[in-house]
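Chain by chain, the residues run as shown.
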Amino acid sequence: MLHRVAEFMARRVWYAWILRVAICSAGTVLIGPLSAAALFLFFPTNDPEAMRQMQGWLVAAIIVSSLVAMVLTYYFVRLCFRYLDQRDPSELRMDIDARMPVMLISGFIVSANILAVIFLFQWALGWVVVKSVSDPFNTVFLLSTLTSLVQFASIGFVEEMRYRAYGYASGEGSVPLPVLVVANAVIYALLHAQYNQFGIIALVNLMVIAGFYIAALHFFNSIWFGVGFHFAWDFTQVSVFGLAFSGTGNTSLIVIEQSGPPLLVGGTALIEAGLVYFVVFAAATSLIVYLLRQRSAGLTPD
């Protein structure tokens, strides 16, 4: 019986792919909350005053639970690919090797610089007004930034593992490439439907962003550039430039006031709902696809 189930799960057909992705996604979704819940058993969560006095330990628990969730997610995804897909995990493009730190740092730098250019563009047009700059040595700011750093690293890591490393690789050979790319992009975009700025523009933009991650995955033959980019994209927009969630009490290095047209710059809860981001990611994705075609034609080095 189990042998027949395993054979069905490993079949290279679209319905088996959907089932595999659903199982793996459900597991990775549960890992984070379960890791946090296990650590928070040691905290008096029903006593606000005691929790306030344990703030430092609380931050440490958040950091530890995020790191644990990343490690568990990494190995859970590999196990899913090994036993559900019955394929070699090396095909996931997520090996920990000498290229990994280079790819992570490269993705982080590129992402942070793109957001810096977008921030300066909005500032030059008067769409962003800098109200103040947070004291980088303030204890509250440091704790908030450290927590955000680890949490956004975890979010970027887990989402890329779930949707690009596993979801995409599992579908290769099971689903036609155009269908696989669109399905992956739609699923990723719909993850953001809970934000009140989510609409047609946000849907299209987030699909383009997913296409960018997939193109980068093929170009570098590694998930790590996308992980670094995703991490930096979330962390920089929220905790450095304050473009996302500004005015909501979130701690950022630069405290701003935004007045740009929402059609172009999106909203404070979802900046990707702006057309500026469509232009940026459409251009970036087009460039990577062009370079991939040049490589395939033998006109550029690997």
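Look up: the structure comes first, before these words.
Right, let's walk through the structure included here. In this text, all values refer to a predicted model and were calculated from it rather than measured experimentally.

Each value, and the rule that gives it
Residues numbered from 1 in each chain as written. Predicted model: local features only at pLDDT ≥ 70, side-chain atom pairs only at ≥ 80, totals over all residues. Heavy atoms only, no water. Helix = DSSP H or I, 4+ residues; strand = E, 2+ residues; numbered from the N terminus. Buried < 20%, exposed > 50% of the residue type's maximum accessible area, 1.4 Å probe, protein only. Contact = heavy atoms within 4.5 Å. Areas by Shrake-Rupley, 256 points an atom, 1.4 Å probe, with all protein chains shown as cover. Expected span 1.5 Å × (residues − 1). Patch = residues over 30% accessible without salt bridge, like charges linked within 9 Å, V, L, I, M, F, W, Y side chains within 5 Å. Salt bridge = Lys/Arg side-chain N within 4 Å of Asp/Glu carboxyl O. Axes fitted to C-alpha atoms, helices over the stretch in contact; angles between N-to-C directions. Parallel < 35°, antiparallel > 145°, perpendicular 65-115°, else oblique. Left-handed = near helix turned anticlockwise from the far one by under 90°. Nonpolar A, V, L, I, M, F, W, Y, C, P; charged D, E, K, R; others polar. Phe/Tyr/Trp six-rings, centres within 6.5 Å; stacked < 30°, edge-to-face > 60°.

### Brief notes about the overall build of the protein
Across its full length, the protein carries 11 helices and two strands. The order of α-helices and β-strands along the protein, N terminus first, is α-α-α-α-α-β-α-α-α-α-β-α-α. Burial analysis of the protein (302 residues in total) assigns 45% to the buried set. By sequence separation, contacts in the protein at least 24 residues apart represent 70% of the contacts at least 6 residues apart. Of the roughly 15,100 Å² that the protein leaves accessible, carbon and sulfur atoms contribute 70%.

### Description of helix α5 (residues 99-124)
Each full turn of the α-helix corresponds to 3.6 residues, which orients residues three or four apart in the same direction. The terminal C-alpha atoms of α5, which comprises 26 residues, lie 37 Å apart, in line with the 38 Å expected from a rise of 1.5 Å per residue. Buried within α5 are the following residues: Met100, Met103, Gly107, Ser111, Ala112, Leu115, Ile118, Phe119 and Gln122. Check the buried side of α5 and you find it contacts β1 (128-133), α8 (200-220), α9 (224-240), β2 (254-258), α10 (262-265) and α11 (275-296). Note on α5: the residue one or two positions beyond its end, Gly126, has a positive phi of about 80 degrees.

### Points about a nonpolar patch on the surface
A cluster of nonpolar side chains, contributed by Ile200, Val204, Leu263, Leu275, Phe278 and Val279, occupies part of the molecular surface with about 520 Å² of accessible area. Element by element, the count of residues in the nonpolar patch is highest for α11, at three residues. Here Leu263 lies in helix α10.

### Structural notes on the packing of helix α7 (residues 177-190) against α8
α8 packs onto α7 with a crossing angle of 125 degrees between their chain directions and a minimal axis gap of 8 Å. Overall, the two elements α7 and α8 adopt an arrangement that is oblique. In the packing of α7 onto α8, the handedness of the crossing is right-handed. Within the contact between the two elements, α7 uses Val181, Val182, Asn184, Ala185, Val186, Tyr188, Ala189 and Leu190 and α8 uses Leu203, Leu206, Met207, Ile209, Ala210, Tyr213 and Ile214. Per-class residue counts for the contact of α7 with α8 are 14 nonpolar, one polar and no charged.

### Comments concerning the packing of aromatic side chains
Taken as a whole, this structure holds 21 aromatic pairs when the rule is applied. With centroids separated by 4.8 Å and ring planes inclined at 25 degrees, the aromatic side chains of Phe119 and Phe241 adopt a geometry described as stacked. With Phe119 in helix α5 and Phe241 in the loop between α9 and β2, this residue pair connects regions lying 122 residues apart in the sequence. Ring centres of Phe212 and Phe281 lie 5.4 Å apart, and the angle between their planes is 75 degrees; this geometry places the pair in the edge-to-face category. One end of the pair, Phe212, is in helix α8; the other, Phe281, is in helix α11, with 69 residues separating them in the sequence.

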